Amino acid sequence: MLQTEKQYVQWQENETLHNALWLSESNHMPSARIVLVDDTTTADDAYRLACEGSSLLWRGDFHNARQLLQALGRRIDRTNERSELRKAKKAAKFTTESGSSNSKEIPNLFHQQRQLQAQRSRILSRLLLELDASYVSQLRRAPDVSAACIAAFGPLDKAMDESCVLSFRDLQGALGAAGWREKGVPIDSLGLSIFPHYGVFAPTRHEYVQLLLDAPLPATYDVAYDIGTGTGLLAIILAQRGVPQVIATDLNPRALACANENFTRLELPAVQLQQADLYPTDAPLANLIVCNPPWLPAKPSSSLEYAVYDAKSAMLRGVLQGAKQHLAEQGELWLIMSDLAEHLQLRTRDELLGLFADAGLAVKYRLDTQPKHGRSQDGTDPLHVARSAEVTSLWCLTLI
């Protein structure tokens, strides 16, 4: 759970004041006003209450709560279609038709879309469920969610016998993560699957894997680092390519547990894990450093977005600036980067090359690949002009 101190919510029910532990993975604060809703509550009334800032504690059938959440989502989307987003889409269409990728509308589109997504998330997160100290729901037709919740949020203190309240969306996230963890994400080019944990970025976009397989290893490659390992995918690729010692680091305990499970599943004793903010400590110099940092220099709204957004390019700068102290002579830094930030006008190519130069690094070569994910082909996406032009690269950098 994100919060370090316990937070509680209160509501009146049957003329009794109830208290419950508040759980949130999205940095949404508990509402001061909680309204009880059930199967008799219309979607229009629920939407109005949620837009007014009320949280909706569900007391009806479990599956009907899921339907209500879908209905709220449709109402939000219809409202957004009547908002400034319509103008933004027209601007994006004009940009596409004119062939211009320098329109000032592009960064505006990105920020508008993020604002709308954040507003959508806040409203949908106001539909709440109560679970007991074992993560058991008393709602009709409620599935067994305890194992998924324990895996995602950690066990509750049963000695306190506290019930908890969380958003239905967070519960859906936990259930979805449990599914990924069970069936895995197939990485076809490796002939294996990666099993993500809740709160760890799932490598559903893995066109860059082939880049890591195609890049020639340095002349000496006895020690390699995987910085910000996440699920451990890059470290696994290096181990499979024969690197005898791979040190994978991450600061997120969830990521470390996830990577450890994947390494154990694949029986990779050559890979070592270390909890560290970027570079490992007390480690030999690396002949090869690999990193797939967040691609967009924007502020994440919650810890669940840390793998996508890198405020002020802090992680990217840290990896680049630390390379000089951790690379062996003739060593290489392989940086996996999309140029989507450039097409969104959040960072220029010259600025990226400037970061390399400031860190004392030179480009030895670059390997490119085109995106294969569905959003790059979706012409209705307001950011389609940027997504369709995206290129993912492996930048091979060496010390100057």
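The structure under discussion appears in the preceding block.
Our subject in this report is the structure included herewith. (Residues numbered from 1 in each chain as written. Predicted model: local features only at pLDDT ≥ 70, side-chain atom pairs only at ≥ 80, totals over all residues. Heavy atoms only, no water.)

### Considering the nonpolar core
Part 1 of the reasoning: Within the largest apolar cluster, 58 residues are counted, with the highest numbers of intra-cluster contacts made by L212, L320, L333, W334 and L394.
Part 2 of the reasoning: By size, the runner-up hydrophobic cluster in this structure holds 37 residues, among which are Y47, I123, A152 and F168. (Core = buried A, V, L, I, M, F, W, Y, C linked by side-chain atoms within 4.5 Å. Buried < 20%, exposed > 50% of the residue type's maximum accessible area, 1.4 Å probe, protein only.)

### Notes on the pattern of salt bridges
Where charged atoms of side chains with opposite charge meet at close range, the side chains can pair.
Part 1 of the reasoning: For the structure shown, the criterion picks out 18 salt bridges.
Part 2 of the reasoning: Of the charged contacts, one joins R205 and E207 as a salt bridge, the two residues approaching to 2.6 Å between their closest N and O atoms.
Part 3 of the reasoning: Classification of E207 by relative accessible area gives buried; the value is 9%.
Part 4 of the reasoning: Overlapping salt bridges, with partners in common, bring together E13, R59 and E130 in one network. (Salt bridge = Lys/Arg side-chain N within 4 Å of Asp/Glu carboxyl O.)

### Some details on empty space enclosed by the protein
Part 1 of the reasoning: Under the criterion given, the structure shown has 1 cavity of 30 Å³ or more.
Part 2 of the reasoning: Approximately 50 Å³ is the volume attributed to the largest cavity.
Part 3 of the reasoning: Lining the largest cavity, in full, are A148, A151, A152, A174, A177, A178, R181, H197 and Y198.
Part 4 of the reasoning: Secondary-structure elements contributing two or more residues to the lining of the largest cavity are α5 (146-153) and α6 (168-183).
Part 5 of the reasoning: Per-element tally for the lining of the largest cavity: the top contributor is α6, with 4 residues. (1 Å grid on protein atoms, 1.4 Å probe; cavity = no way out; pocket = protein on both sides within 12 Å on 5 of 7 lines; lining within 4 Å. Points joined across faces, edges and corners; volume = space filled by probe spheres on them. Helix = DSSP H or I, 4+ residues; strand = E, 2+ residues; numbered from the N terminus.)

### Some thoughts on the packing of aromatic side chains
Part 1 of the reasoning: For the structure shown, the criterion picks out 6 aromatic pairs.
Part 2 of the reasoning: Relative to Y309, the ring of F110 has its centre 6.5 Å away and its plane inclined at 50°; by these criteria the two rings are tilted. Of the two residues, F110 sits in helix α4 (residues 105-124) while Y309 sits in the loop between β12 (286-291) and α10 (314-326), which places them 199 residues apart along the sequence.
Part 3 of the reasoning: Taking the relative accessible area as the measure of exposure, F110 reaches 4% and is therefore buried.
Part 4 of the reasoning: With centroids separated by 6.4 Å and ring planes inclined at 50°, the aromatic side chains of Y135 and F153 adopt a geometry described as tilted. Here the residue Y135 occupies a position in the loop between β5 (127-131) and α5, and F153 occupies one in helix α5, the gap between them amounting to 18 residues. (Phe/Tyr/Trp six-rings, centres within 6.5 Å; stacked < 30°, edge-to-face > 60°.)

These figures capture arrangement, not role.
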